[in-house]
Amino acid sequence: VSTQSTGNAQSISIPKTHNQTHQSHNPMSINVIIFACLVCLCLAWDHTSQLSSTYTLSWSIINDVIYFQANVATTGWVGFGISPEGQHSMAMADMWVGVWDSNGILTVNDYYRDSSSNGAPDLDVTLGGTDDVLSFNGTQSPSLSSMTWGRNLVTSDTYDKSILASGVQNWIFAFGTSNTFSFHGDRCGKVAIDLSTGYTKVF
């Protein structure tokens, strides 16, 4: 199924009190300031695509940084990632996973599947890499998990895939039914997206 995403179709509206940054990053960096502006000023996204009946993805690219928002009809963890070119699997995939604690506070971590087969990913930092999530923010209700995060299009981490600002790239998504990060079962999908135009093909 091929779809064309809608531009400026959705804006961010998330409580500022849930805004988080990894401690390894300067909280006053320009990227964090931009992220805060996106959250607090409810600016519209460049593109929004419906990846499945339960998973909606929005994004904007600003100054070589991409900001995503995933809105998923679940009360569990949320994941999104880059699949190697020519594949649509978790093998050698770079991904981000968000989980909420018992107080409703979100944490988003940087993962990599360091294997040529499907299976559970490892944290980049566990593999000797770095966590390159710049900022994150999110809410969870009985019917919706909303996760917003940012990352540089290109990083120096061996366990990160470069994100194409234009051109079709393969992506994977998944989510759980609880906030224990575990096997997703059939709650997953694969898509090809051109971030510059919003073109989306769901497989």
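Look up: the structure comes first, before these words.
Nothing here was measured: the structure is a model prediction, and the numbers come from that model. (Residues numbered from 1 in each chain as written. Predicted model: local features only at pLDDT ≥ 70, side-chain atom pairs only at ≥ 80, totals over all residues. Heavy atoms only, no water.)

1. Notes on the layout of surface pockets
Heads up, the rule is: Only protein atoms enter the 1 Å grid used here, on which a cavity is any set of points holding a 1.4 Å probe that cannot leave and a pocket is any open set flanked by protein within 12 Å on both sides along at least five of seven lines; residues with an atom within 4 Å of a point are listed as lining. Grid points are joined across faces, edges and corners, and a volume is the space filled by probe spheres set on the points. Secondary structure is summarised from DSSP: a helix means a run of H or I of at least four residues, a strand means a run of E of at least two, and numbering begins at the N terminus for each. Under this grouping Gly is polar, as are all residues other than the nonpolar Ala, Val, Leu, Ile, Met, Phe, Trp, Tyr, Cys and Pro and the charged Asp, Glu, Lys and Arg.
When its volume is computed, the largest pocket comes out at roughly 420 Å³. M90, G119, I172, A174 and H184 are the residues nearest the centre of the largest pocket, which is lined by 23 residues in total. Counting only elements with at least two residues in the lining of the largest pocket, the list comes to β6 (78-82), β7 (94-100), β12 (168-175) and β13 (188-194). By residue class, the composition of the lining of the largest pocket is 13 nonpolar, nine polar and one charged.

2. Side note on the packing of aromatic side chains
Pairs of aromatic rings are described using the distance from one ring centre to the other and the angle between the two planes. For clarity, the threshold we go by: To pair, rings of Phe, Tyr and Trp, with the six-membered ring standing in for Trp, must have centres within 6.5 Å; the planes then decide the type, stacked if under 30 degrees apart, edge-to-face if over 60, and tilted in the middle. Partly exposed describes any residue whose relative accessible area lies between the buried limit of under 20% and the exposed limit of over 50%, with all areas from a 1.4 Å probe on protein chains only and scaled to the type maximum.
In the structure shown here, the tally under the stated rule is 13 aromatic pairs. Each ring, one from W96 and one from W171, has its centre 6.5 Å from the other, and the planes form 35 degrees; the classification is tilted. Highlighted residues: W96 in strand β7 and W171 in strand β12, separated in sequence by 75 residues. Classification of W96 by relative accessible area gives buried; the value is 0%.

3. Side note on the pairing of strand β8 (residues 106-112)
Our working rule: Two strands qualify as a pair provided that DSSP identifies no fewer than 2 bridges between them.
By the criterion of burial, β8 is predominantly enclosed, with five of the seven residues buried. Judged from the seven bridges that link them, β7 and β8 form a sheet pairing that is antiparallel. Bridged to W96 within β8 is D110. The turn joining β7 and β8, which pair antiparallel and follow one another in sequence, is formed by five residues; a positive phi near 80 degrees is taken by G104. Where β8 meets strand β9 (residues 122-123), two bridges bridge the pair, whose relative direction is antiparallel. Within β9, the position partnered with Y111 by the bridge is L123.

These values are about where atoms sit, not about what they do.
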